[in-house]
Amino acid sequence: MPDLKLSSILSKQSSKRLIQQFCDNVGMVYFGYVSQRDDEHHILRGMTVSTKHHDDHYCIGSYDGYDVVFVERSDTLRSGKKHAWHIMEFDLKTTADIPHIFIGSGTRGHGFHELLDLKYPTLQPADLASLSEYPNSFKGQYKVYVAPTHTHDALRIINPELAGTIASHFSGLVIELTESALYIYSEKSRLSPDLLETILKNGTWLAAQIDKKVG
């Protein structure tokens, strides 16, 4: 019978080495575990923040002109299920008002949907046909969740052209947009250098597109 505790330790050590190497390659600083109560680090917020989450592999730096924070966050949800997310936060430069937008699968990502129902019940799937036609590639993978009163504002930002690029390059990832930050999430059980690079490069690209759109 395999030693599950040893296997878990080895997996954490492997993740640590992978993330440290990634940080070295892109000029970020690796801190490891950070406490939301005792440390003075910038706490990454977004949909997954709670009073009991656990943050590990915390990294901070800048890339392509954007301040970036990365963390592996784990938490036990109300259902009793434990979830882990790999998250990058990109600080937006705009000072314009941006509605709270969540872009995720309508069927996958049960952890996110539990958080949506619990914390943000006002966010509902937008009618993508209300302004213009969206690519089938996007509609087949994603729904745009936003408060109904902000639907038009949200769809002016996540327009069909941008949605098409998201469908092509963000497959398997989840996006959250708040007034001051963009969050890219992955619930994939395994990290890889390619996945981290994809989140970083795609996230900075999307942050720049949003800053351009809202001014």
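Structure's up top.
Reading guide: rules and limits
- Residues numbered from 1 in each chain as written.
- Predicted model: local features only at pLDDT ≥ 70, side-chain atom pairs only at ≥ 80, totals over all residues.
- Heavy atoms only, no water.
- Salt bridge = Lys/Arg side-chain N within 4 Å of Asp/Glu carboxyl O.
- Helix = DSSP H or I, 4+ residues; strand = E, 2+ residues; numbered from the N terminus.
- Phe/Tyr/Trp six-rings, centres within 6.5 Å; stacked < 30°, edge-to-face > 60°.
- Buried < 20%, exposed > 50% of the residue type's maximum accessible area, 1.4 Å probe, protein only.
- Lys NZ or Arg CZ within 6 Å of the ring centre and 35° of its normal.
- Core = buried A, V, L, I, M, F, W, Y, C linked by side-chain atoms within 4.5 Å.
- Contact = heavy atoms within 4.5 Å.
- Pairing = 2+ DSSP bridges.
- Patch = residues over 30% accessible without salt bridge, like charges linked within 9 Å, V, L, I, M, F, W, Y side chains within 5 Å.
- Areas by Shrake-Rupley, 256 points an atom, 1.4 Å probe, with all protein chains shown as cover.

(A) View of the pattern of salt bridges. One pass over the full model with this rule turns up 5 salt bridges. Notably, a salt bridge pairs Asp-153 with Arg-156, separated by 3.4 Å at the nearest N-O pair. Placement of the pair is Asp-153 and Arg-156 together in helix α4 (residues 151–157), with a separation of 3 residues, close to one helical turn.

(B) Representation of the packing of aromatic side chains. As enumerated under the stated definition, the model contains 8 aromatic pairs in all. An angle of 45° between the planes, with centres 5.7 Å apart, marks the rings of Phe-102 and Phe-112 as tilted. Here Phe-102 is found in strand β5 (residues 101–104), whereas its partner Phe-112 is found in helix α2 (residues 110–119), with 10 residues between them in sequence. Comparing Phe-102 with Phe-112, the two get one shared label, buried. Ring pairing ties together the aromatic residues Trp-85, Phe-102, Phe-112, Tyr-145, Tyr-183 and Tyr-185, which thus form one cluster. Geometry around Tyr-66 places Lys-93 over its ring, the cationic atom sitting 4.4 Å from the centre.

(C) Structural view of the nonpolar core. Counting 44 residues, the largest nonpolar core has Met-88, Ile-101, Ile-103, Phe-138, Ile-166, Leu-182 and Ile-184 as its most contacted members. Apart from residues lying up to four places away in sequence, Met-88 is in contact with Phe-22, Val-68, Val-69, Phe-70, Leu-182, Tyr-183, Ile-184, Leu-196, Ile-199 and Leu-200.

(D) Up close: the pairing of strand β3 (residues 66–76). In terms of residue burial, β3 counts as a mostly covered element, since 8 of its 11 residues are buried. Note that strand β2 (residues 54–63) and β3 share 8 bridges and pair antiparallel. By the bridge assignment for β3, Ile-60 is matched with Val-69. Bridge analysis of β3 against strand β4 (residues 82–91) gives 9 bridges, and the strand direction is antiparallel. Counterpart to Thr-76 in the pairing with β4 is Lys-82.

(E) Structural context of a nonpolar patch on the surface. On the surface, a nonpolar cluster with roughly 230 Å² of combined accessible area is contributed by Val-29, Phe-31 and Ile-60. With respect to the secondary-structure elements, Val-29 resides in strand β1 (residues 29–34).

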